[in-house]
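# Observations on chain architecture
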2 protein chains.
Amino acid sequence: MTRDELITTYRRYIDCLNRQDWGELQEFVHDDVRYNDLHVGLAGYRSMLEGDFRAIPDLRFQIELLIADSPHVACRLHFDCTPIGTLFDLPVNGRRVQFEENVFYEFAGERIQKVRSIIDKAAIARQL
Amino acid sequence: MTRDELITTYRRYIDCLNRQDWGELQEFVHDDVRYNDLHVGLAGYRSMLEGDFRAIPDLRFQIELLIADSPHVACRLHFDCTPIGTLFDLPVNGRRVQFEENVFYEFAGERIQKVRSIIDKAAIARQL
């Protein structure tokens, strides 16, 4: 895909996550997707996201900065949410927290095959 | 700068850091540089880097993935090093640790004006 197609596809992917439309996820995520060097596959990736929404009922992915350089996309995501219990081993317990994720995606054809993410867990710890 | 010029300039910047050539830093970093929304300026940025090399004498910046989309660069950096004391509040004390940083840079002209970085501190904690 070209740079502009990557940008459009990525925005549609984020919209799919925010709608929790798990049936559509396969349009954006490869069957053999790897997350931080772990082979999780599409089913594992979907489980991970479903778990995120159970832990954070008001979870919403907000794009703060998006850049693309085929076949890669890099995004800084912003979160402003209220996790109900423990998040990343931190006792958030319904408090409102704001944090960022810097994440790289590698596309194979039209779908994400590799995700390399770092979430700013220290920022959450500072807010508790 | 074009994509290719950004890539070349960024590689020269990383080489400058690895040589600890602080006199050359001003070629790559803007006087008014911001680091994670804090205005640190060139002098503050240099101090931060000098502090990093004091804490980690064998510090070496290794580019794992580099993408550019003018005026932005995104890089996944890999570190394999032995911090001498406490690092990010973690008692590393001379142990060898490996971790990653996902970082975005915004260029103004030929120099970096904005850095948005997340270091995988949790990965270091898991190795202690």
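Refer to the structure printed above.
Our subject in this report is the structure included herewith. (Residues numbered from 1 in each chain as written. Chains lettered and ligands numbered in written order. Predicted model: local features only at pLDDT ≥ 70, side-chain atom pairs only at ≥ 80, totals over all residues.)

## Quick look at the overall build of chain A
The helix and strand inventory of chain A stands at three helices and eight strands. From first element to last, N terminus to C terminus, chain A shows the α and β order α-β-β-α-β-β-β-β-β-β-α. Its C-alpha atoms give chain A a radius of gyration of 15 Å, within 12% of the compact-globule value 14 Å for 128 residues. Here chain A, with 128 residues, has 26% of them falling under the buried criterion. Restricting to contacts in chain A with at least 6 residues of sequence separation, those with at least 24 account for 54%. (Helix = DSSP H or I, 4+ residues; strand = E, 2+ residues; numbered from the N terminus. Rg over C-alpha atoms; globule rule 2.2 N^0.38 Å. Buried ≥ 20, exposed ≤ 12 C-beta atoms within 10 Å, placed from the backbone. Contact = placed C-beta atoms within 7 Å.)

## Some remarks on the sheet that holds strand 4 (residues 72–81) of chain B
Residue and element names in this part refer to chain B. The mixed open sheet is built from six strands, whose spatial order is 2-1-8-7-4-3. For this open sheet the edge positions go to strand 2 (38–39) and strand 3 (62–69), each flanked by a neighbour on one side alone. Against the sheet, helix 1 (residues 3–18) makes contact with strand 3, strand 4 and strand 7 (97–108), and its axis sits at roughly 150° relative to strand 3, the strand it touches most. (Pairing = 2+ DSSP bridges. Axes fitted to C-alpha atoms, helices over the stretch in contact; angles between N-to-C directions.)

## A look at the sheet that holds strand 1 (residues 29–35) of chain A
All names here are of chain A. As summarised here, the arrangement of the six strands in space is 2-1-8-7-4-3, forming an open sheet in which the pairing is mixed. Here the strands that pair on one side only, and so sit at the sheet edges, are strand 2 (38–39) and strand 3 (62–69). Across three bridges, strand 1 lies against strand 8 (residues 111–119) in parallel orientation. Looking at strand 8, one finds that Val-29 is bridged to Ile-112.

## Thoughts on the relation of the copies chain A and chain B
Superposition record for chain A on chain B: RMSD 0.0 Å, screw rotation 180°, translation along axis 0.0 Å. In symmetry terms, the pair is related by a two-fold rotation axis. In this assembly, 100% of the residues forming the interface of chain A have copies in chain B that are likewise at the interface, indicating an isologous arrangement. (Least-squares fit on C-alpha atoms with pLDDT ≥ 70 in both.)

## Overview of the pairing of strand 7 of chain B
All names here are of chain B. When strand 4 meets strand 7, the two strands line up antiparallel, connected through ten bridges. Bridge assignment links Leu-77 to a residue of strand 7, and that residue is Glu-101. Two strands pair when backbone bridges link them, and strand 7 and strand 8 (residues 111–119) are joined in this way by eight bridges, in the antiparallel orientation. Each bridged residue has a counterpart across the sheet, and for Asn-102 the counterpart in strand 8 is Ile-118. Taking the residues that link successive antiparallel strands as the turn, the strand 7-strand 8 hairpin has two residues, and the phi of Gly-109 there is positive, at about 65°.

## Brief notes about the nonpolar core
Grouped together as the largest cluster of nonpolar side chains are 36 residues, with contacts concentrated most on Val-73 and Ala-74 of chain A together with Val-73 and Ala-74 of chain B. Setting aside residues up to four positions removed in sequence, Val-73 of chain B forms contacts with Leu-6, Tyr-10, Ala-68 and Tyr-105 of chain B. (Core = buried A, V, L, I, M, F, W, Y, C linked by C-beta atoms within 7 Å.)

## Here's the deal with the interface of chain A and chain B
Listed as interface residues are 17 residues of chain A and, on the opposing side, 17 residues of chain B. Mapped onto the side of chain A that touches chain B, the elements with two or more residues apiece are strand 3, strand 4 (72–81), strand 7 (97–108), strand 8 and helix 3 (121–126) of chain A.

## Remarks on helix 1 (residues 3–18) of chain A
Spacing of three or four residues puts side chains on the same side of an α-helix, whose turn is 3.6 residues. Residue and element names in this part refer to chain A. Taking 1.5 Å of rise per residue, the 16 residues of helix 1 would be expected to cover 22 Å, and the 23 Å separating its terminal C-alpha atoms lies within 8% of that figure. All of the buried residues along helix 1 are Leu-6, Tyr-10 and Tyr-13. Projected onto a plane normal to the axis of helix 1, the buried residues spread over an arc of 55° and lie on a single side. Residues of helix 1 that are exposed and point more than 90 degrees away from the buried face comprise Asp-4 and Arg-12. (Expected span 1.5 Å × (residues − 1). Arc of directions from axis to C-beta.)

So far we have only geometry, and geometry alone does not tell us how the molecule works.
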